[in-house]
Amino acid sequence: MSDLLVPRSDVGEFRKRYRWLALFAFLAFLAIVVRLFQLQVVRGREFAETARENIIRRVTLPTTRGIVRDAQGKVLASSRPSYNVYLVPGRVAPSARPKKRGAPVMDEPDTFPRVADTLRLNPDERARLAQRMATACATDEDRSPCWRPILVREDLPRDIVAELKQHQVELAGAEVTPSPVRYYPYKNLGAHLVGYTAEIDAETLGRFRPQGYESLNAEERAKVNPLGYDSGDTLGATGVEHAWESYLRGQRGWEKRVVDARGRYRTGPEAERLIDAPGRQEPIPGRDLRLTVDIELTQAVEKSMRVHPAGAAVVVDVRTGRLLAVYSKPDFDPNDLSGGGGRERVRQSWAKLSTDPLHPMLDKTMSGSFQPGSTFKPFSALAALEDRLIDPEETVRCDGVVYFGRQPWHCTHVHGKVAMHDALSESCNIYFAKVAEAAGMDRIAKVAQDFGFGTKTGLGTNPEAPGRITTRSWYALRYRGQFRVGFTLNTAIGQGATTVTPLQLALAYGALANGGTLYLPQIVRAVETSDGGVVQDFPPRVHHKVAIRPENMTRVNEALWGVVNDPKGTAFPVRDAALDVAGKTGTAQTGFITHEGDDPKKAWYESRDHAWFAAFSPSKDPEIAVVVLIEHGGSGPTQAAPVALQIVREYGRLQAARAGHPTDQRQRAANAKP
Amino acid sequence: MSAYGLSSSRLLGRARENFDWALFLCSALLAVVGVVNLYSATSVVRASLQEMYIQQIYWLVVGGILATVVAAIDYRHYERLGYALYAFGVVLLVLVFILGRDIRGSSRWIYIGSFSLQPSEFMKLFLIIALAKHLHDDPKSEGRTLVDLIVPVLLTIVPLLLILLQPDLGTALILGLIFLTVSALTRIQRKSLYWLLGGIVGIGGGGGALFVPLLWNNVLKEYQRQRITAFLNPESNIQGINWHAYNARVAIGNGGWTGQGFMRGTQNQYLFLPDQYSDFPFPVFAEDWGFLGSIVLVALYGFLVLWSIRVAATSKDRFGAVLAVGVGALIFWHAFFNLGMATGILPVVGVTLPLFSYGGSSIVTVMMGIGLLMNVSMRRFYVAPGRAARLGYM
């Protein structure tokens, strides 16, 4: 018998239920449709906007930092191309990623071995990197670190960059990113003046991007952060790079790009269709700067100071206040600190520079202040002369020592009978004891302040020390005890608490030389466009005229000429008859006290006097003022004066050489090798 | 001569006259649209994935052949073999633990040569057949008591637990829902119903308080817990666990009225959609075709589900009716859960969209289910013994 013959079962039990099941299914699908209406029609525009934000990214377009040139057009700081390589773990080593359920096996080859070969990684680096990538790819969700590039090499050699670019397909996942590096062709030369650039630090960045910055609109952002600083940016850290940052930096542009969830850029008509106008804002390149300094002269300064471990020199044009050479020793190579060669090089260089006992990072021309010693005497003399408190022709007898009460006070030599001229040229302290007595501390301070001492010059490239010009009230505040006459004597000869910076001294001697005009120091002569056009030209600026009568100034200047040219002048033994120089030597005691247990070699060095020579040349119609400080150099006449004279000699030689070829200076500058 | 032998070819001939064109066309349309959508969904991903739609076509062909075979054999043969098929399915589920490999913390696959098989998918059909056989053999015109439900519950709970152990929450959920749907078909005595409801309230209130923390802490995996909390706070943590669900909704919304156009949905083209070929094919479709396209798609699923109820209603026997309702429930719950999770009204549970999601086992299962529906539909007419005799079936 067949089953076919058996009547089929009774379906009555189910009959009433179908309707309810159908209703349930209908309502469920209706709920879906209602929800779809809500998402697609009611909130459609909102989601469309979100979808747009997902794929459109504003990519910043880099700008180029301005070039810094010296007065002759030689490049002191520019940017050179540099390339960093990043690896995207998920693309370099697909095998490190977890296998995906249900998805077909993807047989993408690992490019890592080949990439590692190309980058010349050593086995140790290779293993460490492989480990790091495996950790990153524990998951390969779209936003996992598996897709985040890892920085592997900085400032790659050119041949590797070329190789990476050529074999892009075989080396998938290795990304070469340009990251221009600041380049200083003259290396150490002028390092303090030009300065260096460095990656922005957290504190500075916090100032430009305070809390809640992300939620500000474009206008408010421009107010807090006009130059658009972001983390990882470089900015000028010291010197001209720092002070003129806003000119040099330029303004970044942006471009809208289509990006996918893994951060890859998409191109082609299909992607470009999605970009709305305006799609691009061009970057504005930074301005170039033309400095007043002459790098060749700075080179000469460096050469003439080569035997001395530490010191400073300033050459200023007395007719304009323009700085021609600014040199602080020991120096550093700004290329070490500006990121070229990678972060490791920066770190190592910092470690070395910050532990150097001679403070190479300190700009001694303006950030350091020192006792001026006898180079201060002309100003004491002027204080006494100006109020006719002393007769310059009257002589004082110098026995080499004078007693204040029981306190002996020594002179450098036994000078015998000296009037003002000889007292200055031979640097007699006994005579200046009389000057101090006659003028008093506050009169000397007034004249010194008139010449710019005790206040910052306002150059602004590096933090400036104001120096100190002591007054009676200063001592009254500082010392509980009685005011002593010795304080005034010390002030008159530039000792004790009086300190100046070499820059101040140079400007003050400039004012002596040019008949009493104190200029504001000038370091940037002009702002230029990248093609050489002048945007802004800075004329010399006079700070003020000093209130000194010309005949007194002339008298002092004659004495300064005598320092070099009188047979008994302190600098006469080292003079060069061919040079027309007036100046003043200085040997400043440093007041160093040796403690027990000090390194004897160090103690010997530290206890030596600072050697100074401050001069101008030529003595009639002067052009330049030169100040040389040899830290712990010993005697001013023997250590500092020859350096200063050498500088004057080089200045003359350069002037003569350039006078011969006045037209093609820029051409030669371009050809000349640093 | 066996009744199941060649002599039944004439019956098949009769059945051919009753070919269910509506069911066939609706399914074929869904399959074609599904492949087209898969093409869009995988067009952007790397080259190896671009072969997916071709693979899917292969699966559809295999599924079509199997569906034809399934439809051709009179479903009463399945009735006879019901428990054997069920046992076969359970054995396969057990084999998963022995042969399966661990992928992403769960083992769901059996590998035979280069093929991989997901027994839990086929188990859905075997369960439907077993439940149908039980209800067919056990007519209770006066209504069922709780005791009568013990066998169906046991039939369901064995594979359900095995699948939970894999663990595969989505498939287990579907099994449970198929059981509930089929149970809803039966008449349960009023008293038993009260007991049942009382029991559910009791377990829900008292036991729930006890078991939910236990379930939460010990049974559920970390990713499952995250999905539930993410569903409860949909707009929170968009960068993290909710990122996928959120971007799926953005894609749907981005479709607007008429959509971005075929292969132009930016969320999909720029990789913001996760699992766009397995769990989230619908956002791809909704983004490409917009609200208008989406309601057409929902209507197609709705039609398929309602049509399966119609097939059940016109079925000549209890086995066919339960079979049709079971397959309808399979399609309904898959579609409803998948669309619900894509639109954010249900938590993210790994449930595929029938004929849209990529995957061999899933496609073949759905196709075979449709084959069963066709089978029941073609053989809906009761052949009276006398007529059978006249037709020469004796």
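Residues numbered from 1 in each chain as written. Chains lettered and ligands numbered in written order. Predicted model: local features only at pLDDT ≥ 70, side-chain atom pairs only at ≥ 80, totals over all residues. Heavy atoms only, no water.

### Overview of the overall build of chain B
- A count of helical and extended segments in chain B gives 15 helices and two strands.
- Looking at chain B as a whole, 56% of its 394 residues qualify as buried.
- A sequence separation of at least 24 residues applies to 75% of the contacts in chain B between residues at least 6 apart.
- Accessible area for chain B stands at about 16400 Å²; split by element, carbon and sulfur atoms hold 70% of it. (Helix = DSSP H or I, 4+ residues; strand = E, 2+ residues; numbered from the N terminus. Buried < 20%, exposed > 50% of the residue type's maximum accessible area, 1.4 Å probe, protein only. Contact = heavy atoms within 4.5 Å. Areas by Shrake-Rupley, 256 points an atom, 1.4 Å probe, with all protein chains shown as cover.)

### Describing a nonpolar patch on the surface
Residue and element names in this part refer to chain B.
- A cluster of nonpolar side chains, contributed by Val147, Ile150, Val151, Val153, Leu154, Ile157, Val158, Leu161, Leu164 and Leu169, occupies part of the molecular surface with about 780 Å² of accessible area.
- Ranked by residues supplied to the nonpolar patch, first place goes to helix α6 (residues 150–165) with eight residues.
- Mapping Leu161 onto the fold places it in helix α6. (Patch = residues over 30% accessible without salt bridge, like charges linked within 9 Å, V, L, I, M, F, W, Y side chains within 5 Å. Salt bridge = Lys/Arg side-chain N within 4 Å of Asp/Glu carboxyl O.)

### Thoughts on the state of the cysteines
Residues and elements named next belong to chain A.
- Under the criterion given, the structure shown has one disulfide over all chains.
- Each sulfur in the disulfide pair Cys137 and Cys146 lies 2.0 Å from the other. Since a negative S-S torsion denotes a left-handed disulfide, the Cys137-Cys146 link at about 85 degrees is right-handed. Neither Cys137 nor Cys146 differs from the other in exposure class; each is buried.
- Counting only cysteine sulfurs, Cys398 is the nearest neighbor of Cys428, a cysteine outside any disulfide, at a range of 3.8 Å.
- Residue classification places Cys428 among the buried residues on the basis of a relative accessible area of 0%. (Disulfide = S-S within 2.5 Å.)

### Details of the packing of helix α5 (residues 119–137) of chain B against helix α7 (residues 169–185) of chain B
Residue and element names in this part refer to chain B.
- As a packed pair, α5 and α7 sit with axes 10 Å apart at the nearest point and diverge in direction by 20 degrees. By the angle between their axes, α5 is roughly parallel relative to α7. The chirality of how α5 crosses α7 is right-handed. Counted together, Ser120, Met123, Lys124, Leu127, Ile128, Leu131 and Leu135 of α5 and Thr171, Ile174, Leu175, Ile178, Phe179 and Val182 of α7 form the full contact between these two elements. (Axes fitted to C-alpha atoms, helices over the stretch in contact; angles between N-to-C directions. Parallel < 35°, antiparallel > 145°, perpendicular 65-115°, else oblique. Left-handed = near helix turned anticlockwise from the far one by under 90°.)

### So, the pairing of strand β24 (residues 582–588) of chain A
Residues and elements named next belong to chain A.
- Across the seven residues of β24, six count as buried, placing the element largely inside the fold.
- In this sheet, strand β25 (residues 610–617) lies alongside β24 in antiparallel orientation, the contact comprising seven bridges. Each residue of the ladder has a partner; that of Gly583, found in β25, is Ala615. (Pairing = 2+ DSSP bridges.)

### A word on the pattern of salt bridges
- Going through the model one piece at a time under the given rule, you end up with 48 salt bridges over all chains.
- Between A:Asp124 and A:Arg128 there is a salt bridge, with its nearest N and O atoms 3.4 Å apart. Of this pair, A:Asp124 and A:Arg128 both sit in helix α6 (residues 123–136), separated by four residues, roughly a single helical turn. The pair A:Asp124 / A:Arg128 is uniform in exposure class, with both members exposed.
- The residue B:Lys124 makes a salt bridge to B:Glu121 at a minimum N-O spacing of 3.0 Å. With B:Lys124 and B:Glu121 both in helix α5 and three residues apart, the pair spans about one turn of that helix. Like B:Glu121, B:Lys124 is buried.

### Description of the sheet that holds strand β3 (residues 75–80) of chain A
All names here are of chain A.
- What the six strands build is an open sheet, ordered β7-β3-β2-β13-β21-β22; its pairing is mixed. Strands with a single pairing partner mark the edges of an open sheet, and in this sheet they are β7 (181–183) and β22 (534–537).
- Pairing of strand β2 (residues 68–69) with strand β13 (residues 288–291) involves two bridges; the strand directions are parallel. Residue pairing for β13: Arg69 is matched across the bridge by Arg290.

### Observations concerning the confidence of the model for chain A
Residue and element names in this part refer to chain A.
- Across chain A, the average pLDDT comes to 86, with 94% of residues at 70 or higher.
- In this model, residues 1–7 is a region of pLDDT below 50 whose contacts with residues beyond four sequence positions or in other chains number 11 contacts.
- For residues 662–674, every residue scores under 50 in pLDDT, and the model assigns this stretch 13 contacts once sequence neighbours within four places are set aside. (pLDDT = per-residue confidence, 0-100.)

### Focus: the pairing of β13(A)
Residues and elements named next belong to chain A.
- Alternating residues of β13 divide into Asp288 and Arg290 and Leu289 and Leu291, and every residue in both groups is buried.
- Relative to strand β21 (residues 524–528), β13 runs antiparallel, the two sharing four bridges. Its bridge partner being in β21, Leu291 is matched across the sheet by Val524.

### Observations regarding the environment of A:Arg575
Residues and elements named next belong to chain A.
- Locating Arg575 in the fold gives a position in the loop between α24 (550–565) and β24.
- Overall, the relative accessible area of 34% leaves Arg575 in the partly exposed class.
- Counting along the chain gives 441 residues from Arg575 to Ala134, while the straight-line C-alpha distance between them is 73 Å.

### So, the sheet that holds strand β6 (residues 174–178) of chain A
Residue and element names in this part refer to chain A.
- Pairing in this open sheet of three strands is antiparallel, and the strands run β5-β4-β6 from one edge to the other. Two strands bound the open sheet, and with one partner strand each, they are β5 (150–153) and β6. Taken pair by pair, the neighbouring strands of this sheet meet at an average axis angle of 40 degrees, ignoring direction.
- Sheet topology note: the strand β4 (residues 83–87)/β5 ladder contains three bridges and is antiparallel. Pairing of Leu87 across the sheet is with Ile150, part of β5.

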